[in-house]
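The chain contents come next:
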Amino acid sequence: MGDRGTGKSLAVRALAAIVPNIDVVIGDNYNSSPTNIRLMGPEAEKSLRAGEAFDVKQIQIPLVELPLGATEDRVCGTIDIERALTEGVKAYEPGLLAKANQGILYVDEVNLLEDGLVDVVLDSAASGWNTVEREGVSIGHPASFILVGSGTQSQGELRPQLLDRFGLSVKANTITDADERVDMVVRRTAYEKDPKKFVAECGAEGEELTAKLTAARKLMPKTSIDRELSLKISEICSMLNVDGLRGDIVTNRAARAHAALEGRTEATQADIERVIVACLAHRLRKDVMDSLDGNEYKVVIAYRKVFGGFVGAPPAAAEAAPEPEPEEEEKPKEKKAGAWDPSSLGRR
């Protein structure tokens, strides 16, 4: 979420260029994996069980955009009318969820998405599977994707059922530094002048990021986090009254992922610092009296109370967050002259 014109959509669309490529079965409508049966469509799974070999190719991870005005049939899939009329058979025409399998499903202005589509997308995102019942045709196919949304807060807040389903949330604020703004204008002008040249000049940096992500994915199963750190994460979640356990799970997983990205197999406090605001801030109940960054400050204050401070560079929200007030010991109240003392009932 963030201000208008801050490159939110551009950043999401650029993900496909740096995320490692995937293997798919050639000619398959569901981007079926040739090795993982849970990511195979009906035809590919049938061929696998029959012992048939696959023709495989590598493709860039698919980025599928979900329009706000899309119908449920367009998202989930529907009956292939053309084949029904010409061949007299009931055939299934895959929708956007099938195309997004093994890829990214992107919803721009996600805070404006209709309730009906919200439920459909959330069901598939949670289960990794899409089941369609249309005109006597029943079919299920894998729909395992990374759900990414963007929006402008001035157009409305996210629906409550969506808030807790996004693992991480980041804010895109307008740049105020004049030099940085000029650099952005110069880069944009260079891209418009010669897009191919600009992309080629950034190619080495993109390949470096891809290699780093590939290595992190291989290292991720070996990474771990100490129980004491997990206890402190849960203590923060409890202190902030985070509903459910998704906040605890995502923060632990994100800390491990950050450690793997840095080439380590053990998550540390520094990894937690880098991810905890992004993992928890959007899960807190919004107070109408708070500023736009109120929830971020709450996470920072709770982190300071539990961990005692930051071991590395503090997040941006920590700069404006007030220091937690020290807890004062409760002093015994002074008794007034002539006051009744309940403990005197037991005296003789």
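Residue indices begin from 1 for each chain and proceed along its sequence in written order. The predicted origin of the model limits local features to residues at a pLDDT of at least 70 and limits the giving and counting of side-chain atom pairs to 80 or more, whereas totals for whole chains, interfaces and linings rest on all residues. The basis for every side-chain value is the complete set of non-hydrogen atoms in the structure, without hydrogens or water.

### Comments concerning the overall build of the protein
Consideration 1: Helix and strand labels come from DSSP, where a helix needs a run of H or I of at least four residues and a strand needs a run of E of at least two; each type is numbered from the N terminus. When helices and strands are tallied, the protein shows 15 helices and eleven strands.
Consideration 2: Across the 348 residues that make up the protein, the buried fraction comes to 38%.
Consideration 3: The long-range share in the protein, meaning contacts at least 24 apart out of those at least 6 apart in sequence, stands at 68%. Partly exposed residues are those whose accessible area sits between 20% and 50% of the maximum for their type, while under 20% is buried and over 50% is exposed, using a 1.4 Å probe and protein chains only. Note on contacts: a residue pair is in contact if any heavy atoms of the two residues lie within 4.5 Å.

### So, helix α1 (residues 8–18)
Two residues of an α-helix separated by three or four positions point the same way, owing to the 3.6 residues in each turn.
Consideration 1: Those residues of α1 not exposed but buried are Lys-8, Ser-9, Val-12 and Ala-16. Buried positions in α1, seen along its axis, are confined to an arc of 115 degrees and lie on one side of it. Relative to its buried face, α1 has exposed residues pointing more than 90 degrees away, namely Leu-10 and Ala-17.
Consideration 2: The secondary structure elements touched by the buried residues of α1 are β3 (63–65), β6 (103–108) and β9 (145–150). Note: the arc covers the axis-to-C-beta directions of the helix.

### Quick word on the sheet that holds β9
Consideration 1: The strand order β3-β6-β9 describes an open sheet built from three strands, whose pairing is parallel. Only two strands of the sheet have a single partner each, and these edge strands are β3 and β9. Going across the sheet, the axis of each strand differs from the next one's by a mean of 25 degrees, ignoring polarity.
Consideration 2: The strands that α1 touches are β3, β6 and β9; relative to β6, the one it contacts most, it runs at about 170 degrees. Being paired, for any two strands, means DSSP has found at least two bridges between them. Inter-axis angles, ranging from 0 to 180 degrees, are taken between N-to-C directions of lines fitted to C-alpha atoms, where helices are fitted over the stretch in contact.

### Points about helix α11 (residues 227–239)
Consideration 1: What a helix is expected to span follows from its residue count: subtract one and scale by 1.5 Å. Here α11 is 13 residues long and its end C-alpha atoms lie 18 Å apart, about the 18 Å a rise of 1.5 Å per residue gives.
Consideration 2: Looking at the packing, one finds that the buried side of α11 touches β10 (224–225), α12 (246–261), β11 (266–267), α13 (269–280) and α14 (294–307).
Consideration 3: The N-terminus of α11 is capped by Asp-226, whose side-chain oxygen sits 3.0 Å from the backbone nitrogen of Glu-228.
Consideration 4: Of the residues flanking the end of α11, it is Asn-241, one or two places downstream, whose phi is positive at about 60 degrees. Polar contacts here mean pairs of N or O atoms no more than 3.5 Å apart (in protein, one a potential hydrogen donor and the other a potential acceptor; neighbouring residues in sequence count only if both atoms are side-chain atoms).

### As for the nonpolar core
Consideration 1: The nonpolar core is taken to be a set of buried Ala, Val, Leu, Ile, Met, Phe, Trp, Tyr and Cys residues, with the residues joined through side-chain atoms within 4.5 Å. Grouped together as the largest cluster of nonpolar side chains are 28 residues, with contacts concentrated most on Leu-66, Val-75, Leu-97, Leu-105, Phe-145, Leu-147 and Leu-162.
Consideration 2: Elements with a minimum of two residues in this core: α3 (72–76), α5 (96–99), β6, α6 (115–127) and β9.
Consideration 3: With five residues, the top contributor of residues to this core is α6.
Consideration 4: Among residues more than four places away in sequence, those in contact with Leu-97 are Val-75, Cys-76, Leu-105, Val-120, Ser-124, Asn-130, His-141, Pro-142, Ala-143 and Phe-145.

### Things to note about the pairing of β6
Consideration 1: The element β6 is largely enclosed, with a buried count of five among its six residues.
Consideration 2: Pairing between β3 and β6: three bridges, direction parallel. Looking across to β6, one finds that Val-64 is bridged to Leu-105.
Consideration 3: Pairing geometry for β6 and β9, over six bridges, is parallel. For Tyr-106, the partnering residue across the bridge sits in β9 and is Val-148.

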